[in-house]
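# Architecture at a glance
Each chain, letter by letter, is given below.
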Amino acid sequence: MALFTCCFEPVEFPEFLDTFVQKCTDPSCCCGCCSALRPRYKRLVDNIFPVNSEDGLVKSNMEKLTFYSLSSPDKLDRIGEYLYQKASKDINRKRYKFVEIAMEAMDILLQACHAQTTLNLFVESFLRMVQKLLEDSNPNLQILATNSFVKFANINEDTPSYHRRYDFFISKFSSMCHGNNDNIELRDSIRLAGIKGVQGVIRKTVSDDLVENIWEKQHMEKIVPSLLFNMQFGVNVMFVKKNMLASGDLTPVEDATVVTPPVLAEEVLRELVGRASFGHIRSVLKPLLTHLDRHELWVPNTFAIHTFRIVMISIQPQYSYTVVETLMQHLDNNFKSSPKTRTSLAVVLSKIIAIAAGESVGPSALDIINNLLTHLRTSVSTTTEITPEESQYQEALINALGEFANHHPDYQKIEIMLFIMNTVPDLSKKSKGDQMLQNILLKSLLKVGTQYSTTSFEKAFPASFLQPLLKMARAPHDPTRIIVMQIFQSLLDRHQNEKVLSTVSIKPYAALSQEPPSRSDIIFTHKYGANIMQALIDSMALSEKLDSLTSSYNTAALLIVEMACGETVQEFLLFILGIQQVSNTSDELSNIHKCCLQQIAIALLTLTARVTGINNLLEYAQKIIEDRKVEATHWLPPLLDSKKSNKSYNLNLPHLAIDKIALAECLQNAGMDFNRLQTGVPYALNQIDNPGHRHSWVESVSNHMQHRNSSADLTAYNADADSISSSPGVSKKALAPEYTVDAMKRYLAEPPESVKREQQEKQKQIVRAFRESDFEDLMKRTEPKHDVIQNRLNDLFNSLSIDNKTPQNATNQNEKPIYETNFPELFYY
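Residues numbered from 1 in each chain as written. Predicted model: local features only at pLDDT ≥ 70, side-chain atom pairs only at ≥ 80, totals over all residues. Heavy atoms only, no water.

### Brief notes about the overall build of the chain
Scanning the chain for helices and strands turns up 37 helices and 0 strands. Of the contacts made within the chain by residues no fewer than 6 positions apart, 72% connect residues no fewer than 24 positions apart. (Helix = DSSP H or I, 4+ residues; strand = E, 2+ residues; numbered from the N terminus. Contact = heavy atoms within 4.5 Å.)

Structure, rendered in structure tokens:
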């Protein structure tokens, strides 16, 4: 190698037209005058490049250039421009090693001078060089430029930039995310570089409000699909690795590999969603949904669920409702899509809706519920027959509803159940579509009810919710009644006894769990228990199918287990007697149906005796059971199936029936109150219930009087019926005509039979008098006799008028004041 070289050697001659100053770059050049004429910053830049490109950057000279840049920051823009020119020439000449050195120098200067106020001018040259490298087809240069851009993106600039645009970088990095090179390693490297570049653009633009708006539609439509394109391969790989780990083909150490494009893409998507504000989150969701639609990634929906979970976890909690709302709108737009697609959408919704439930309160929660119910109604109304795929879609919507309600407090669950109940069609609509809609909405109500944790029945069954529910319990459609009974069971079962009581049995339930009812539960039973039991009787009488009867029995048994005690046992005994009375008196029921009601009655009586611990009642129930085992096994569980049994059964067995008087004696012998059972009337079919009032002994009498035929025979007149005693269970006794002590003693000593006969005789006389007497005689008899009272009142009024006429000053002036005469000691000291 020569000690001196000239700038104008033959090899360099084609470039002779360049200026001498530009050509004299080598310090060993013989034309020292040319080198001396060059600016210092150019000489410093030229010195960082080695003679041989393989030697790399000259570190010592790079330190001089860095020191010069820090000392003269006004020269930064010129240094950057000069480095860009040299790199452009080297790219054109395919001297990529020198290009890498120039890019390295740019990075060092950028890191060293990032605090300078004139950095913006240098950044323009830096970005031009990065763009120049990205435009080249060499993948190594693209990766190099991307890494430099990422370093630049991590720098926090103090001065804002008004004129930068990143359109090219967004497009280029997005295209690199879709790299499809045949070399897998090179392909992954290019994709990783593209994802890192996208991440750098996001960080640089989100933190600076004066630069390009990254949330615009044209940018998000490039960034989001690029990330999803890389993520969808990662989901498949993830499941493959899980299977390999489960089978033992892959160890956890082998699984701990370097960062892959899917993992990095997921990280960038989390960062993008986490940085999105309320007005920008939809800009991310719309291209996400479009990508899933275009590439048909809803079926199967594994990737969709994975992606939306990432979105819900990364988004700011107060904006999570927006994701659910957007997904519901997308479901609205796909109402004509295939059932599989809609089902997948609904499943995705059910998987993420629970995350948004915690942030949804008030109207937003009811809005989500209303949207889900609207989709259910649309699904029922648009299909004449429910196919399995459509049924899966409806089940997915119901599951979404249940998941949403599960993450709300109990008081909001009650509001949600009330809201759903108000949307159920009226029972008067008996078309097939209305029945299907009733079942679907009640299933959604059941889904919410299973998530509710009952502590107090008064809170679980408000009157506005209980009344329509009892009305639905009398629905003529069997599936509707069964669902209503399941709703009752989910709300009544506080001790997980529903499965234990699912079969009608007279044997003791081994795994039965119970505790005494609270005072509020007892009050609830007195107030609404009769209404619930009347609805249960009506439900049992509507169908003889085993599933319908079993569901009604299960509800009644849970009601007894949760509410039965010494204060409420009479209500449940009247309920059992009512079931038996329906079996004995109803002419519309079949013999098998009547036998089933007798079986349910004895099973509930046995359960009531065991729950309340009344031994006398249990002994009486066991006696009936033993007698029936001998004479009428068809009156004992299990329930008879009308499809399998065609026998004729003897139902005229009054001596084997449950006796009301015997039940009252059992309570009396146990030292408990029995007046309600003795005087009350068993619950009957189609009895009018009013949840707003307590069903008491007054109502039983008043209801009996209201239902009495107005044209009844006068012999049925009862003088006591119009004057009910204020003490329940105590019958009013007629007083003797003479109100003397002897007369009252004699009356109390008389036996009750004589009193009854006397009352009957008086009633007959009254009836005979009103039937046989003339009208004038009746008028005279009923004429009020108050002359003596009137005369006495006249005397009193006259005496008052005379006293008023007496002058006030007519008193004796010499007479002492009355207080001095009567209380003189009060006025002495």
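From this point, the narrative continues.
### Looking at the packing of aromatic side chains
Enumeration over the complete set of coordinates arrives at 17 aromatic pairs. Considering the side-chain rings of Phe149 and Phe173, the 5.3 Å spacing of their centres and the 50 degrees angle between planes classify their relative orientation as tilted. Note that Phe149 is positioned in helix H8 (residues 139-153) and Phe173 in helix H9 (residues 167-177), a separation of 24 residues in sequence. Just as Phe149 is buried, Phe173 falls in that class too. These aromatic residues form a ring-pair network of at least three members: Phe126, Phe149, Phe152, Tyr166, Phe168, Phe169 and Phe173. (Phe/Tyr/Trp six-rings, centres within 6.5 Å; stacked < 30°, edge-to-face > 60°. Buried < 20%, exposed > 50% of the residue type's maximum accessible area, 1.4 Å probe, protein only.)

### Let's talk about the side chain of Lys413
Position of Lys413 among the secondary structure elements: in helix H20 (residues 410-423). A relative accessible area of 5% means that Lys413 is categorised as buried.

### Observations concerning unusual backbone geometry
Peptide bonds are, in most cases, trans, and in most cases residues other than glycine have a negative phi. The residue after Val299, namely Pro300, is reached through a cis peptide bond having omega -5 degrees. Within the fold, Pro300 resides in the loop between helix H14 (281-294) and helix H15 (302-314). Phi is positive for Lys94, close to 65 degrees, though the residue is something other than glycine. As for its placement among the helices and strands, Lys94 is situated in the loop between helix H5 (76-92) and helix H6 (96-112).

### Describing helix H19 (residues 388-406)
Taking 1.5 Å per residue as the helical rise, H19 with its 19 residues ought to reach 27 Å, and the 26 Å between its terminal C-alpha atoms agrees with that figure. Within H19, burial applies to Glu390, Tyr393, Gln394, Ala396, Leu397, Ile398, Ala400, Leu401, Gly402, Phe404 and Ala405. (Expected span 1.5 Å × (residues − 1).)

### Digging into a nonpolar patch on the surface
Residues Leu793, Leu796, Phe797 and Leu800 make up a contiguous nonpolar surface patch of about 370 Å² in total accessible area. Inspection of the secondary structure puts Leu796 in helix H36 (residues 787-805). (Patch = residues over 30% accessible without salt bridge, like charges linked within 9 Å, V, L, I, M, F, W, Y side chains within 5 Å. Areas by Shrake-Rupley, 256 points an atom, 1.4 Å probe, with all protein chains shown as cover. Salt bridge = Lys/Arg side-chain N within 4 Å of Asp/Glu carboxyl O.)

### Looking at the side chain of His291
Position of His291 relative to the elements: it lies in helix H14. A relative accessible area of 6% places His291 in the buried class. Within the structure, the side chain of His291 is placed 3.2 Å from the side chain of Gln232, a separation counted as a polar contact. Those residues in contact with His291, other than ones at most four positions away along the chain, are Pro225, Leu228, Phe229, Gln232 and Leu297. (Polar contact = N/O pair within 3.5 Å; in protein donor to acceptor, adjacent residues only side chain to side chain.)

### Remarks on the packing of helix H25 (residues 519-542) against helix H28 (residues 591-612)
Direction vectors running N to C along H25 and H28 enclose 145 degrees, while the axes themselves pass 10 Å from each other. Listed contacts from H28 to Met540, Ala541 and Leu542 of H25 are His593, Leu597 and Ile600. Of the residues assigned to the contact of H25 with H28, the class counts are 5 nonpolar, 1 polar and no charged. (Axes fitted to C-alpha atoms, helices over the stretch in contact; angles between N-to-C directions. Nonpolar A, V, L, I, M, F, W, Y, C, P; charged D, E, K, R; others polar.)

### Looking at the environment of Asn213
Mapped onto the secondary structure, Asn213 falls in the loop between helix H10 (184-206) and helix H11 (217-247). Put simply, Asn213 and Ile202 are 11 residues apart on the chain and 9.8 Å apart in space, counted from C-alpha to C-alpha.

### Looking at the nonpolar core
Of all hydrophobic cores here, the largest spans 216 residues; its most connected members are Leu83, Phe308, Phe461, Phe575 and Leu604. At 13 residues, H28 tops the list of elements feeding residues into this core. Setting aside residues no more than four positions away along its own chain, Leu83 makes contact with Val45, Ile48, Phe49, Ala102, Ala105, Met106, Leu109 and Met129. (Core = buried A, V, L, I, M, F, W, Y, C linked by side-chain atoms within 4.5 Å.)

### Some thoughts on the packing of H8 against H9
H9 packs onto H8 with a crossing angle of 125 degrees between their chain directions and a minimal axis gap of 12 Å. Between H8 and H9, the crossing angle belongs to the class labelled oblique. Taken as a pair, H8 and H9 cross one another with a handedness that is left-handed. Mapping the contact onto sequence places Gln142, Thr146 and Phe149 in H8 and Phe169, Lys172, Phe173 and Met176 in H9. (Parallel < 35°, antiparallel > 145°, perpendicular 65-115°, else oblique. Left-handed = near helix turned anticlockwise from the far one by under 90°.)

### Let's talk about the pattern of salt bridges
One pass over the structure, following the stated rule, counts 23 salt bridges. Where Lys545 meets Asp478, a salt bridge forms, and the shortest distance between an N and an O atom there is 3.5 Å. In this pair, Lys545 sits in the loop between H25 and helix H26 (546-563) while Asp478 sits in helix H24 (residues 478-492), placing the two residues 67 residues apart along the sequence. Note on Asp478: relative accessible area 13%, which makes it buried. The salt bridge partner of Arg676 is Glu571, with a shortest N-O separation of 3.1 Å. With a gap of 105 residues between them, Arg676 in helix H31 (residues 675-679) and Glu571 in helix H27 (residues 569-585) connect regions that are remote in the sequence. Considered together, Arg676 and Glu571 belong to a single accessibility category, that of buried residues. Salt bridges here are not isolated pairs; linked through shared partners, they connect Arg203, Glu271 and Arg275.

### As for the environment of Cys595
When you line up the elements, Cys595 lands in helix H28. Exposure remark for Cys595: the relative accessible area of 0% places this residue in the buried category. Once residues within four sequence positions are removed from consideration, Cys595 is found in contact with His634, Trp635, Leu640, Tyr649 and Leu651.

### A few points about H27
It helps to recall that an α-helix has 3.6 residues per turn; residues three or four apart then point in one direction. Taking 1.5 Å of rise per residue, 17 residues should cover 24 Å, and H27 covers 24 Å from first to last C-alpha, within 8% of that figure. Burial analysis of H27 places 14 of its 17 residues in the buried class, the great majority of the element.

### Re the confidence of the model for the chain
In this model, the chain carries an average pLDDT of 78, and 76% of its residues clear a pLDDT of 70 or more. Within the model, the stretch residues 238-257 combines pLDDT values under 50 with 13 contacts to residues more than four positions away or in other chains. In the predicted structure, residues 690-737 sits below a pLDDT of 50 and forms 46 contacts with residues beyond four places in sequence or in another chain. (pLDDT = per-residue confidence, 0-100.)

### What to know about the environment of Val311
Along the polypeptide, Val311 turns up in helix H15. Along the sequence, Val311 and Arg270 sit 41 residues apart, while their C-alpha atoms lie 6.8 Å from each other. The residues contacting Val311, other than those within four sequence positions of it, are Val273, Leu285, Leu288 and Val323.

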